[in-house]
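Report on the structure
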Amino acid sequence: MNVDLSGQVAIVTGGSRGIGRGIAKVLARNGATCIVTGRNEQRLKEVETTLQAFEPSCRAAVLHVENLEEVEAFAKGIYGDLGRIDILVNNAGITDDQLLLRMKEEQWDRVIETNLKGVFNCTKAVARYMLKKKYGRIVNISSVIALMGNPGQANYAASKAGMIGFTKAVARELARKQITANAIAPGYIQTDMTEKMEERAKEGILSLIPQGRLGSVEDVANAVLFLVSDAASYITGHVLNVSGGLYI
Ligand SMILES: NC(=O)c1ccc[n+]([C@@H]2O[C@H](COP(=O)([O-])OP(=O)(O)OC[C@H]3O[C@@H](n4cnc5c(N)ncnc54)[C@H](OP(=O)(O)O)[C@@H]3O)[C@@H](O)[C@H]2O)c1
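Residues numbered from 1 in each chain as written. Predicted model: local features only at pLDDT ≥ 70, side-chain atom pairs only at ≥ 80, totals over all residues.

Quick look at the overall build of the protein chain
- Looking only at helices and strands, one finds nine helices and seven strands in the protein chain.
- Taken over C-alpha atoms, the radius of gyration comes to 17 Å for the protein chain, in line with the 18 Å a tight globule of 248 residues would show.
- On the principal axes, the C-alpha backbone points of the protein chain span a range of 50 × 40 × 35 Å.
- A total of 248 residues make up the protein chain; the buried ones form 45% of that total.
- Here the analysis covers contacts within the protein chain between residues at least 6 apart in sequence; of these, 73% occur between residues at least 24 apart. (Helix = DSSP H or I, 4+ residues; strand = E, 2+ residues; numbered from the N terminus. Rg over C-alpha atoms; globule rule 2.2 N^0.38 Å. Buried ≥ 20, exposed ≤ 12 C-beta atoms within 10 Å, placed from the backbone. Contact = placed C-beta atoms within 7 Å.)

Here you go:
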């Protein structure tokens, strides 16, 4: 699928690797000025170079999504420099798995702060600029775990389910201003996050995926590209599963 995003400014959080990097590449390849954020400067620099080969105006920046003040200053800076923010992909996320009775309060807080508060912070900071232009596309990267649950992931499942409720509320709030908000629920995608799973767990999961394979970052990136395109202008408040049939 090719979409003309030239002239549009897109922010992709957690774009220093994995799914976020894949999404940023696809958006930049289709002409967007892509701003990727993350925490690791070295990795961000590498992604910036890759993206600039597609679209020279792309850049990367360190941004801790859980810090509202930092996020607001960042969004203000981008709007000040580039005069618009058309697309926000809330992708930054972490896991910190543990069975409920062993889960420490810090594990719960850290996952909720990054995955859910981070989405609130970035959406709040960016929506004000989308409202000024009466246009915007917000895509939140949730997970099938929000819909299915998973032992050892009560914190992660709650954060990702919270994102879905948040997406639906925001979609209703912003719909009149031609701003859409949708969520993508990926299944198991081949990245660092799934790489650290035990081999036995991976095999067990593969047997549950009707398509019989893990997803690729491009599988998710292509869904994002569709949701930010004009073809999806009447789609808002939707949750799109990209899971090879894991969640049907
Ligand atoms: N992989 C899967 O199977 C899968 C399935 C469903 C949903 N997802 C969701 O998809 C998203 C991306 O997953 P992934 O597999 O690509 O993960 P990943 O490879 O672990 O990458 C996570 C990204 O998030 C960034 N990040 C983490 N904490 C951050 C924070 N506090 N502030 C700013 N950036 C932060 C990381 O930045 P640094 O590297 O710079 O630290 C990195 O760019 C996550 O939201 C995840 O929950 C993944």
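Alright, that's what it looks like, and here's the rest.
Section: the nonpolar core
- If you look at the biggest cluster of nonpolar residues, it comprises 68 residues, and the most contacted ones within it are Ile23, Leu27, Cys34, Val126, Val220 and Val224.
- Among the elements that make up this core, the one with the highest residue count is helix H4 (residues 105-133) (nine residues). (Core = buried A, V, L, I, M, F, W, Y, C linked by C-beta atoms within 7 Å.)

A word on the sheet that holds strand S6 (residues 179-186)
- An order of S3-S2-S1-S4-S5-S6-S7 is seen for the seven strands of this open sheet, with the pairing classed as parallel. Of all the strands in the sheet, just strand S3 (59-62) and strand S7 (239-242) have a single pairing partner and so form its edges. Averaged over all adjacent pairs, the angle separating strand axes in this sheet is 20°, with direction ignored.
- Summarising the sheet, strand S1 (residues 9-12) and strand S2 (residues 33-38) pair through four bridges and their orientation is parallel. (Pairing = 2+ DSSP bridges. Axes fitted to C-alpha atoms, helices over the stretch in contact; angles between N-to-C directions.)

Some words on the site of the ligand
- The environment of the ligand is made up of 30 residues, and the closest members are Gly14, Gly18, Gly38, Gly93 and Met193.
- Of all the secondary-structure elements, those providing two or more residues to the shell around the ligand are helix H1 (18-29) and helix H7 (192-195).
- Residue classes in the shell around the ligand are distributed as ten nonpolar, 15 polar and five charged. (Near = placed C-beta within 6 Å. Nonpolar A, V, L, I, M, F, W, Y, C, P; charged D, E, K, R; others polar.)

Focus: the pairing of S3
- In the sheet, S2 pairs with S3 via four bridges, with the strands oriented parallel. Following the sheet pairing, Val36 is matched in S3 by Ala60.
- On the question of chirality, the crossover connecting S2 to the parallel S3 by way of helix H2 (residues 41-54) is right-handed. (Right-handed = clockwise from strand over helix to strand, strands pointing away.)

Here's the deal with the packing of H1 against H2
- Contact geometry of H1 with H2 gives a least axis separation of 8 Å together with a crossing angle of 20°. Here H1 lies roughly parallel to H2, going by the angle between them. Crossing of H1 against H2: the hand is right-handed. Residues Arg21, Ala24, Lys25, Ala28 and Arg29 of H1 lie in contact with H2, whose contacting residues are Val47, Thr50, Leu51 and Phe54.
- Across the contact of H1 with H2, the residue classes break down as five nonpolar, one polar and three charged. (Parallel < 35°, antiparallel > 145°, perpendicular 65-115°, else oblique. Left-handed = near helix turned anticlockwise from the far one by under 90°.)

Examining helix H9 (residues 217-228)
- The first and last C-alpha atoms of H9 sit 17 Å apart over twelve residues, in line with the 16 Å expected at 1.5 Å per residue.
- By the criterion of burial, H9 is predominantly enclosed, with nine of the twelve residues buried.
- All of the buried residues in H9 are Val217, Asp219, Val220, Ala221, Ala223, Val224, Leu225, Leu227 and Val228.
- Contact partners of the buried residues in H9: H1, strand S4 (87-90), strand S5 (136-141), S6 and S7. (Expected span 1.5 Å × (residues − 1).)

What to know about the packing of helix H3 (residues 68-82) against H4
- Contact geometry for H3 and H4: axes closest at 9 Å, N-to-C directions at 30°. Relative to H4, the element H3 lies roughly parallel. The chirality of how H3 crosses H4 is right-handed. Two secondary-structure elements touch here, H3 through Leu68, Val71, Glu72, Ala75 and Tyr79 and H4 through Asn121, Cys122, Ala125, Val126 and Tyr129.
- Across the contact of H3 with H4, the residue classes tally to eight nonpolar, one polar and one charged.

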